[in-house]
Amino acid sequence: MTVEKKHEVSPELLDSLLANYRKPEDLIGEHGLLKQLTKLLVERALDAEMTEHLGHGKHQPVANADGNARNGKSKKTLKGDFGALPIEIPRDRQGSFEPQLIPKHQTRWSGFDDKILSLYARGMTVREIQGHLQEMYGTEVSPTLISSVTDAVIEEVKAWQGRPLDAVYPIVYLDCIHVKVRDAGAVRVKAVYLALGINLAGEKEVLGLWIAQTEGAKFWLQVITELKNRGVQDIFIACVDGLKGFPEAIEAVYPRAAVQLCIVHLVRHSLNYVSWKLREQVAADLKKIYSCATVDEAERYLTAFEQKWGEAYPPISQSWRRSWARITPFFDYPPEIRKVIYTTNAIESVNMSLRKITKNRGSFPSDEALLKLFYLALRNISQRWTMPIRDWKAALTRFTIQFEDRMPTR
């Protein structure tokens, strides 16, 4: 094993460097010691690189066969945590020197672009990022620079959106968030759809991100076909929020998939019709329906609900009857599976995070700007998914029994 050599700094050297220290600005200010030391160390390191490249030190005889030697210095300004730092880069006569510490054309210190992307991913506008960097680091950054840094993400987005997926996802949740986007000179409200898959390890994975120009069955067929083309051979259960055209589209591509309407969404929708005084009672009676062990028992409780509340709140009974075929798959599964398909909360928490970063924006200038932000935000969100979803082991055991002929062999 190779042990990295530690560079010791003597107390005497530190005392010498800090001899004139009186206040924090003397160390970390615009003209402070740290910035001066960084400049001196970087330039000394670049001189050492040049010596290695040429084979001889400054003012020493030429030691290479080509007769190449030093040829003055060029200047550049690096942006970073320390603000703007002017650096002198040594040159050689033949122009063959390639600095390693600060490569040619680099104008930002390593990690500075990551800071811009991190601020952008948190929903900050270009103007806000400019102000933040100026305030924190005393660095002026142009809107063009910020755009070029974030634009570099687009290729990453394309690769992510087209990446191969697993062959089987036991559960796929599908939901949308509405965002204002400027399109052809006018601001339009567009639907951004997310597909969140639960893989066989019980891990959450965002499968894709789509901006709907036109909604309906044709759009959903395109989305589901894309998932199929990227390698998804089977979906056991698709949990949706009553998205028009989606059940038909998924059944066209995955005929064996069960499309399950989100019970929580349906209950919330139902309670919108009820006065605050009676909501608790109505919610308790609705719970009796979806808590049943069998579909026949649930049907009886739905009938009882209609008799009790149908006259006061006819839209509730009508919506449950209309959606009954998409609710009843729920009763085909044991409690272990019901727990994970009962609600689309897994994807709703993602949407909640996305809404937080868009609430301060009036609108996005383009679909591309929206995609960049959502991709970076989703990348941050997914880094927190370090554990399988709750109760997954019990659910997987049931999935293995329920879908024995469709489970992949390992």
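Please read these numbers as outputs of a predicted model, since none were measured by experiment.

Which residues make up the overall build of the protein chain, and what values go with them?
If you tally the helices and strands in the protein chain, you get 18 helices and seven strands. Put simply, of all contacts in the protein chain between residues at least 6 apart along the chain, 62% involve residues at least 24 apart. Total accessible area on the protein chain stands at roughly 23200 Å², and carbon and sulfur atoms take up 53% of it.

How would you summarise the nonpolar core if you had to cite specific residues and measurements?
Here is a general trend for soluble globular proteins: nonpolar side chains tend to be buried in one another's company. Grouped together as the largest cluster of nonpolar side chains are 74 residues, with contacts concentrated most on Trp320 and Leu354. Counting residues per element, this core draws most heavily on helix H17 (residues 367-382), at nine residues. Residues contacting Leu354, with those up to four places away along its chain left out, are Ile177, Leu194, Phe374, Ala377, Leu378 and Ile381. Of all hydrophobic cores here, the second largest spans 27 residues; its members include Leu207, Leu227, Val232 and Ala257.

Hey, could you go over the sheet that holds strand E5 (residues 204-212) for me, with residue numbers and the actual values?
Judged by pairing direction, the sheet is mixed, and its five strands sit side by side in the order E5-E4-E3-E6-E7 without closing on themselves. Single-partner strands in this sheet number two, and they are E5 and strand E7 (258-261). Each strand of the sheet is rotated relative to its neighbour by a mean of 25 degrees, with strand direction disregarded. Contacts between helix H18 (residues 392-402) and the sheet are confined to strand E3 (168-183), strand E4 (186-198) and strand E6 (234-240), with E3 contributing the most and set at about 115 degrees to the helix.

Kindly report on helix H10 (residues 263-271), identifying the contributing residues and their values.
Most of H10 sits out of view: seven of its nine residues are buried. Turning to H10, its buried residues are Ile263, Val264, His265, Leu266, Val267, Ser270 and Leu271.

Please give an account of the packing of H10 against helix H13 (residues 314-322) that cites residues and values.
Two numbers describe a pair of packed helices, the interaxial angle and the distance between the axes. At a closest axis distance of 9 Å, the pairing of H10 and H13 adopts a crossing angle of 160 degrees. Between H10 and H13, the interaxial angle falls into the category roughly antiparallel. When the axes of H10 and H13 are compared, the crossing they make is right-handed. Within the contact between the two elements, H10 uses Leu266, Val267, His269 and Ser270 and H13 uses Ile316, Ser319 and Trp320. Taken together, the residues of the contact of H10 with H13 break down into four nonpolar, three polar and no charged.

Give me the lowdown on the side chain of Asn351, citing residues and values where you can.
Checked against the element boundaries, Asn351 lands in helix H16 (residues 345-358). Looking at Asn351, the relative accessible area reads 1%, which means it is buried. Look past the residues within four positions of Asn351 in its chain and what remains in contact with it is Asp175, Cys176, Ile177 and Leu194.

Could you give an account of H17, with specific residues and numbers?
Taking 1.5 Å of rise per residue, 16 residues should cover 22 Å, and H17 covers 22 Å from first to last C-alpha, within 8% of that figure. Those residues of H17 that fall on the buried side of the exposure criterion are Ala369, Leu370, Lys372, Leu373, Phe374, Tyr375, Leu376, Ala377, Leu378 and Ile381.

Break down the packing of aromatic side chains for me, citing the residues and quoting the values.
One pass over the structure, following the stated rule, counts twelve aromatic pairs. Ring plane angle 75 degrees and centroid distance 4.6 Å describe the contact between Tyr193 and Trp220, whose orientation is recorded as edge-to-face. Of this pair, Tyr193 sits in strand E4 while Trp220 sits in helix H8 (residues 217-229), placing them 27 residues apart in sequence. When sorted by exposure, Tyr193 lands in the same class as Trp220, which is buried. Considering the side-chain rings of Phe330 and Phe331, the 5.7 Å spacing of their centres and the 85 degrees angle between planes classify their relative orientation as edge-to-face. No difference in accessibility class separates Phe330 from Phe331, as the two residues are buried. Through successive ring pairs, a cluster of aromatic residues spans Phe236, Tyr333, Trp392, Phe399 and Phe403. It is Arg279 that lies over the ring of Trp276; its NZ or CZ is 4.2 Å from the centre.

About the criteria used
Position numbers for residues count from 1 along each chain, tracking the sequence in the order it is written. With pLDDT at 70 or above as the cut-off, local features in this predicted model cover only qualifying residues; side-chain atom pairs require 80 or more to be listed or tallied, and sums for whole chains, interfaces and linings still use all residues. Think of the side-chain values as coming from all heavy atoms in the structure, minus any hydrogens and water. Here a strand is any run of E in DSSP of at least two residues, a helix any run of H or I of at least four, and the numbering for each starts at the N terminus. By definition in these notes, contact holds between two residues if any of their heavy atoms fall within 4.5 Å. Note on areas: these come from Shrake-Rupley sampling with a 1.4 Å probe, and a residue is covered only by the protein chains present in the view. In plain words, nonpolar cores are sets of buried Ala, Val, Leu, Ile, Met, Phe, Trp, Tyr and Cys residues tied together by side-chain atoms within 4.5 Å. When accessible area is computed with a 1.4 Å probe and restricted to protein chains, residues below 20% of their type maximum are described as buried, those above 50% as exposed, and intermediate ones as partly exposed. Note on pairing: DSSP must find at least two bridges between two strands before they are called paired. To obtain an axis, a line is fitted to C-alpha atoms, over the contacting stretch when the element is a helix, and the angle between two such axes runs from 0 to 180 degrees between their N-to-C directions. In this scheme, roughly parallel covers angles under 35 degrees and roughly antiparallel covers those over 145, while 65 to 115 is roughly perpendicular and the rest are oblique. Two helices crossing with the near one rotated counterclockwise from the far one by less than a right angle form a left-handed crossing, whereas a clockwise rotation gives a right-handed crossing. Residue type decides the class: Asp, Glu, Lys and Arg count as charged, Ala, Val, Leu, Ile, Met, Phe, Trp, Tyr, Cys and Pro as nonpolar, and the leftover types, Gly among them, as polar. By this rule, a helix spans an expected 1.5 Å times one less than how many residues it contains. Here the aromatic set is Phe, Tyr and Trp, taking the six-membered ring for Trp, and pairing holds for ring centres within 6.5 Å; pairs whose planes are under 30 degrees apart are stacked, those over 60 apart are edge-to-face, and all others are tilted. A ring is scored as having a charge over it whenever the NZ atom of a lysine or the CZ atom of an arginine sits within 6 Å of its centre and within 35 degrees of its normal.

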